[in-house]
Amino acid sequence: MSTKVHPTAIVHPESTLEEDVELGPYAVVGARVHLGRGTRLQSHAIVEGPSRLGEGNVLFPFAVVGSVAQDKRHAGAPGSLEVGDFNVFREHVTIHRGTSGRATRIGHHNLFMAGAHAAHDTVLGSHITLANGVQLAGHAKVDDYATFGGLSGVAQFVHVGETAFVAAGAMCERNVPPFVVVQGDRARIRALNKVGLQRRGLPESDIAALSKAYAAIFGTSRPRAQAIAELPDELRANPFVTRLLAALA
(Lines give C-alpha, C1' and ligand atoms only; values in the text may rest on other atoms or scores of the structure.)
Protein backbone atom coordinates (compact mmCIF):
# COMPACT_ATOMS: atom_id res chain seq x y z
CA MET A 1 0.00 0.00 0.00
CA SER A 2 1.25 3.47 -0.85
CA THR A 3 0.59 6.96 0.39
CA LYS A 4 -2.02 8.92 -1.60
CA VAL A 5 -1.66 12.70 -1.69
CA HIS A 6 -4.10 14.77 -3.72
CA PRO A 7 -2.37 17.28 -6.03
CA THR A 8 -3.92 20.20 -4.13
CA ALA A 9 -2.85 18.96 -0.69
CA ILE A 10 0.07 20.70 1.04
CA VAL A 11 2.68 18.80 3.06
CA HIS A 12 5.48 20.64 4.86
CA PRO A 13 8.92 19.18 4.09
CA GLU A 14 9.63 18.74 7.81
CA SER A 15 6.70 16.31 8.21
CA THR A 16 6.55 12.55 7.69
CA LEU A 17 3.80 10.31 6.31
CA GLU A 18 3.78 6.56 6.88
CA GLU A 19 2.43 4.02 4.40
CA ASP A 20 -1.22 4.12 3.36
CA VAL A 21 -1.78 7.71 4.51
CA GLU A 22 -4.36 9.54 2.39
CA LEU A 23 -4.62 13.31 1.98
CA GLY A 24 -7.71 14.66 0.25
CA PRO A 25 -8.18 17.88 -1.74
CA TYR A 26 -6.74 20.95 -0.03
CA ALA A 27 -5.69 19.05 3.09
CA VAL A 28 -2.79 20.68 4.92
CA VAL A 29 0.00 19.03 6.94
CA GLY A 30 2.13 21.60 8.74
CA ALA A 31 5.68 21.49 10.03
CA ARG A 32 6.87 18.73 12.37
CA VAL A 33 3.82 16.51 11.92
CA HIS A 34 3.95 12.71 11.85
CA LEU A 35 0.97 10.83 10.44
CA GLY A 36 0.80 7.13 11.23
CA ARG A 37 -0.07 4.31 8.90
CA GLY A 38 -3.55 4.48 7.40
CA THR A 39 -4.41 7.92 8.74
CA ARG A 40 -6.72 9.88 6.43
CA LEU A 41 -7.27 13.61 6.06
CA GLN A 42 -10.37 14.38 4.05
CA SER A 43 -10.76 17.58 2.05
CA HIS A 44 -9.69 20.78 3.82
CA ALA A 45 -8.60 18.98 7.02
CA ILE A 46 -5.57 20.51 8.76
CA VAL A 47 -2.90 19.12 11.10
CA GLU A 48 -0.38 21.55 12.56
CA GLY A 49 2.74 20.64 14.49
CA PRO A 50 4.58 19.63 16.41
CA SER A 51 2.03 16.80 16.42
CA ARG A 52 2.21 13.04 16.20
CA LEU A 53 -0.82 10.99 15.12
CA GLY A 54 -0.83 7.20 15.27
CA GLU A 55 -2.48 4.68 12.98
CA GLY A 56 -5.88 4.79 11.38
CA ASN A 57 -7.03 8.23 12.46
CA VAL A 58 -9.63 10.00 10.31
CA LEU A 59 -10.06 13.76 10.01
CA PHE A 60 -13.25 14.94 8.32
CA PRO A 61 -13.52 18.20 6.35
CA PHE A 62 -12.48 21.37 8.17
CA ALA A 63 -11.20 19.59 11.28
CA VAL A 64 -8.18 21.47 12.66
CA VAL A 65 -5.90 19.35 14.84
CA GLY A 66 -2.72 20.54 16.53
CA SER A 67 -3.18 24.30 16.32
CA VAL A 68 -1.70 26.70 18.88
CA ALA A 69 -3.49 27.27 22.20
CA GLN A 70 -6.10 30.00 22.65
CA ASP A 71 -4.37 31.19 25.78
CA LYS A 72 -3.09 34.78 26.11
CA ARG A 73 -0.50 33.80 28.70
CA HIS A 74 0.93 31.04 26.52
CA ALA A 75 0.29 32.35 23.02
CA GLY A 76 2.99 30.88 20.81
CA ALA A 77 4.65 29.00 23.68
CA PRO A 78 6.10 25.65 22.54
CA GLY A 79 3.93 22.62 23.13
CA SER A 80 2.88 19.51 21.24
CA LEU A 81 0.05 17.10 20.48
CA GLU A 82 0.16 13.32 20.84
CA VAL A 83 -2.70 11.28 19.37
CA GLY A 84 -3.03 7.49 19.50
CA ASP A 85 -4.74 5.17 17.02
CA PHE A 86 -8.14 4.96 15.34
CA ASN A 87 -9.61 8.24 16.50
CA VAL A 88 -12.30 10.02 14.46
CA PHE A 89 -12.41 13.82 14.27
CA ARG A 90 -15.60 14.94 12.57
CA GLU A 91 -16.30 18.23 10.80
CA HIS A 92 -15.01 21.42 12.45
CA VAL A 93 -13.42 19.64 15.43
CA THR A 94 -10.57 21.66 16.96
CA ILE A 95 -7.74 20.20 19.07
CA HIS A 96 -5.04 22.48 20.47
CA ARG A 97 -1.44 21.66 21.30
CA GLY A 98 -0.05 21.88 24.81
CA THR A 99 1.76 24.87 26.25
CA SER A 100 5.14 25.55 27.88
CA GLY A 101 6.70 22.26 26.82
CA ARG A 102 3.66 20.15 27.73
CA ALA A 103 1.59 17.98 25.40
CA THR A 104 -2.10 17.61 24.75
CA ARG A 105 -2.62 13.83 24.80
CA ILE A 106 -5.39 11.74 23.22
CA GLY A 107 -5.60 7.95 23.45
CA HIS A 108 -7.24 5.45 21.11
CA HIS A 109 -10.66 4.78 19.56
CA ASN A 110 -12.19 8.13 20.51
CA LEU A 111 -15.01 9.86 18.62
CA PHE A 112 -15.11 13.65 18.41
CA MET A 113 -18.40 14.64 16.80
CA ALA A 114 -18.90 17.82 14.79
CA GLY A 115 -17.76 21.03 16.45
CA ALA A 116 -16.21 19.40 19.54
CA HIS A 117 -13.18 21.10 21.06
CA ALA A 118 -10.30 19.95 23.28
CA ALA A 119 -8.16 22.84 24.51
CA HIS A 120 -4.47 23.01 25.35
CA ASP A 121 -2.93 20.51 27.79
CA THR A 122 -6.01 18.30 27.95
CA VAL A 123 -5.45 14.59 28.55
CA LEU A 124 -7.99 12.11 27.18
CA GLY A 125 -7.96 8.34 27.55
CA SER A 126 -9.54 5.88 25.13
CA HIS A 127 -13.03 4.87 23.96
CA ILE A 128 -14.41 8.34 24.76
CA THR A 129 -17.33 9.90 22.88
CA LEU A 130 -17.80 13.67 22.63
CA ALA A 131 -21.09 14.58 20.97
CA ASN A 132 -21.62 17.69 18.85
CA GLY A 133 -20.32 20.94 20.31
CA VAL A 134 -18.74 19.52 23.49
CA GLN A 135 -16.13 21.90 24.91
CA LEU A 136 -13.18 20.78 27.06
CA ALA A 137 -11.23 23.66 28.62
CA GLY A 138 -7.47 23.70 29.12
CA HIS A 139 -5.88 21.08 31.38
CA ALA A 140 -9.11 19.05 31.64
CA LYS A 141 -8.65 15.29 32.05
CA VAL A 142 -11.06 12.63 30.79
CA ASP A 143 -10.71 8.92 31.59
CA ASP A 144 -11.58 5.90 29.46
CA TYR A 145 -15.15 5.23 28.27
CA ALA A 146 -16.55 8.61 29.33
CA THR A 147 -19.43 9.90 27.20
CA PHE A 148 -20.55 13.49 26.69
CA GLY A 149 -23.93 14.68 25.43
CA GLY A 150 -24.17 17.55 22.98
CA LEU A 151 -23.14 21.07 24.02
CA SER A 152 -21.82 20.00 27.41
CA GLY A 153 -18.76 21.70 28.83
CA VAL A 154 -15.89 21.01 31.22
CA ALA A 155 -14.00 23.77 33.05
CA GLN A 156 -10.22 24.05 33.33
CA PHE A 157 -8.43 21.39 35.40
CA VAL A 158 -11.65 19.37 35.94
CA HIS A 159 -11.29 15.57 35.92
CA VAL A 160 -14.06 13.41 34.42
CA GLY A 161 -13.82 9.80 35.59
CA GLU A 162 -14.08 6.57 33.64
CA THR A 163 -17.46 5.51 32.24
CA ALA A 164 -19.05 8.73 33.44
CA PHE A 165 -21.91 10.17 31.41
CA VAL A 166 -22.10 13.95 31.11
CA ALA A 167 -25.62 14.77 29.94
CA ALA A 168 -26.37 17.17 27.10
CA GLY A 169 -25.91 20.79 28.11
CA ALA A 170 -24.26 19.93 31.44
CA MET A 171 -21.66 22.39 32.69
CA CYS A 172 -18.99 20.70 34.83
CA GLU A 173 -17.11 23.04 37.15
CA ARG A 174 -16.06 20.31 39.59
CA ASN A 175 -14.63 16.80 39.20
CA VAL A 176 -17.00 14.11 37.92
CA PRO A 177 -16.59 10.75 39.71
CA PRO A 178 -16.33 7.59 37.64
CA PHE A 179 -19.39 5.52 36.72
CA VAL A 180 -22.01 8.22 37.38
CA VAL A 181 -24.39 10.39 35.37
CA VAL A 182 -24.13 14.15 35.85
CA GLN A 183 -26.62 16.69 34.53
CA GLY A 184 -27.47 20.34 34.86
CA ASP A 185 -25.93 23.77 35.14
CA ARG A 186 -23.98 23.43 37.40
CA ALA A 187 -23.67 19.66 36.81
CA ARG A 188 -24.58 17.43 39.72
CA ILE A 189 -24.62 13.66 40.22
CA ARG A 190 -27.99 12.18 39.22
CA ALA A 191 -27.60 8.40 38.89
CA LEU A 192 -25.30 5.47 38.33
CA ASN A 193 -24.40 5.07 34.64
CA LYS A 194 -25.74 1.52 34.36
CA VAL A 195 -26.22 1.75 30.59
CA GLY A 196 -22.61 2.78 30.10
CA LEU A 197 -21.38 0.03 32.40
CA GLN A 198 -23.38 -2.56 30.49
CA ARG A 199 -22.16 -1.29 27.12
CA ARG A 200 -18.61 -1.46 28.42
CA GLY A 201 -19.21 -5.14 29.19
CA LEU A 202 -18.80 -5.13 32.97
CA PRO A 203 -20.04 -8.30 34.70
CA GLU A 204 -23.40 -7.99 36.40
CA SER A 205 -21.75 -8.70 39.74
CA ASP A 206 -19.60 -5.59 39.43
CA ILE A 207 -22.57 -3.48 38.32
CA ALA A 208 -24.55 -4.75 41.31
CA ALA A 209 -21.70 -3.84 43.67
CA LEU A 210 -21.51 -0.34 42.21
CA SER A 211 -25.29 0.01 42.50
CA LYS A 212 -25.19 -0.86 46.20
CA ALA A 213 -22.29 1.48 46.82
CA TYR A 214 -23.97 4.29 44.91
CA ALA A 215 -27.21 3.87 46.88
CA ALA A 216 -25.33 3.82 50.17
CA ILE A 217 -23.29 6.94 49.37
CA PHE A 218 -25.64 9.14 47.34
CA GLY A 219 -29.07 7.80 48.28
CA THR A 220 -28.94 8.90 51.91
CA SER A 221 -29.21 12.11 53.89
CA ARG A 222 -26.13 11.19 55.93
CA PRO A 223 -22.92 13.12 55.34
CA ARG A 224 -20.97 11.57 52.49
CA ALA A 225 -17.89 10.90 54.63
CA GLN A 226 -20.02 8.98 57.12
CA ALA A 227 -21.75 6.97 54.41
CA ILE A 228 -18.40 6.01 52.89
CA ALA A 229 -16.96 5.06 56.27
CA GLU A 230 -19.91 2.73 56.90
CA LEU A 231 -19.64 0.82 53.62
CA PRO A 232 -19.29 -2.92 54.27
CA ASP A 233 -15.93 -4.51 53.55
CA GLU A 234 -17.33 -6.79 50.85
CA LEU A 235 -18.30 -3.74 48.80
CA ARG A 236 -14.97 -2.02 49.40
CA ALA A 237 -13.21 -5.12 48.07
CA ASN A 238 -14.77 -4.73 44.63
CA PRO A 239 -12.17 -3.11 42.33
CA PHE A 240 -14.69 -0.76 40.69
CA VAL A 241 -16.08 0.38 44.03
CA THR A 242 -12.48 0.94 45.14
CA ARG A 243 -11.96 3.27 42.15
CA LEU A 244 -15.17 5.13 42.93
CA LEU A 245 -14.11 5.63 46.53
CA ALA A 246 -10.66 6.82 45.49
CA ALA A 247 -12.24 9.50 43.31
CA LEU A 248 -14.44 10.66 46.21
CA ALA A 249 -11.58 10.82 48.73
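A brief look at the structure comes next. The written sequence of each chain sets the order in which its residues are numbered from 1. The predicted nature of this model means local features are confined to residues of pLDDT at least 70 and side-chain atom pairs, given and counted, to a pLDDT of 80 or more, with totals for whole chains, interfaces and linings taken over all residues. Each side-chain value is derived from all of the structure's non-hydrogen atoms; neither hydrogens nor water enter the calculation.

### Side note on the sheet that holds strand β3 (residues 16–17)
Pairing between strands is defined by DSSP: at least two bridges between the two strands are required. Going along the chain from the N terminus, every DSSP run of H or I of four or more residues is numbered as a helix, and every run of E of two or more is numbered as a strand. Taken in spatial order, the eight strands of this open sheet run β3-β6-β9-β12-β15-β18-β21-β24, and their pairing is parallel. Edge positions in the open sheet fall to β3 and β24 (159–160), since each of these has one partner strand only. Of the strand pairs in this sheet, β3 and strand β6 (residues 33–35) are connected by two bridges, and their pairing is parallel. Bridged to Thr16 within β6 is His34.

### Some remarks on the pairing of strand β12 (residues 80–83)
By the bridge criterion, three bridges tie strand β9 (residues 51–53) to β12 in an arrangement that is parallel. Counted as the bridge partner of Arg52 is Glu82 from β12. Where β12 lies against strand β15 (residues 103–106), four bridges are found, and the strand directions are parallel. Residue pairing in the sheet places Glu82 in a bridge with Arg105 of β15.

### Let's talk about the packing of aromatic side chains
Centre distance and the angle of the planes are the two values used to describe a pair of aromatic rings. A pair of Phe, Tyr and Trp rings is counted when the ring centres sit within 6.5 Å of each other, with Trp represented by its six-membered ring. The angle between the planes then sorts it: under 30 degrees is stacked, over 60 is edge-to-face, the rest tilted. The tally for this structure, following the rule as stated, stands at three aromatic pairs. Counted as over-ring charges are cases with an Arg CZ or a Lys NZ within 6 Å of the ring centre that also lie within 35 degrees of the ring normal. Residue placement shows Arg90 over the ring face of Phe60; its charged tip is 3.9 Å from the ring centre.

### Describing the sheet that holds strand β13 (residues 88–89)
Backbone hydrogen bonds are what pair the strands of a sheet, in a parallel or an antiparallel way. Pairing is mixed in the open sheet, where 11 strands are placed in the order β1-β4-β7-β10-β13-β16-β19-β22-β25-β27-β28. This sheet does not close on itself; its edge strands, each paired only once, are β1 (4–5) and β28 (188–192). The sheet contact formed by strand β16 (residues 111–112) and strand β19 (residues 129–130) spans two bridges and is parallel. Bridged to Phe112 within β19 is Leu130. What makes two residues a contact is simply this: any of their non-hydrogen atoms within 4.5 Å. Interaxial angle, 0 to 180 degrees, is taken between N-to-C directions of lines fitted to C-alpha atoms, where a helix line uses only the stretch in contact. Lying on the sheet, helix α2 (residues 204–218) is in contact with β27 (180–183) and β28; it crosses β28 at an angle near 140°.

### Quick notes on the pattern of salt bridges
Note on definitions: salt bridges are taken to be side-chain nitrogens of Lys or Arg within 4 Å of carboxyl oxygens of Asp or Glu. One pass over the full model with this rule turns up 10 salt bridges. Between Asp185 and Arg186 there is a salt bridge whose closest N-O contact spans 2.7 Å. When accessible area is computed with a 1.4 Å probe and restricted to protein chains, residues below 20% of their type maximum are described as buried, those above 50% as exposed, and intermediate ones as partly exposed. Under the relative-accessibility criterion, Asp185 is labelled exposed at 58%. Taken together, the shared-partner salt bridges connect Glu162, Arg200 and Arg243 into one network.

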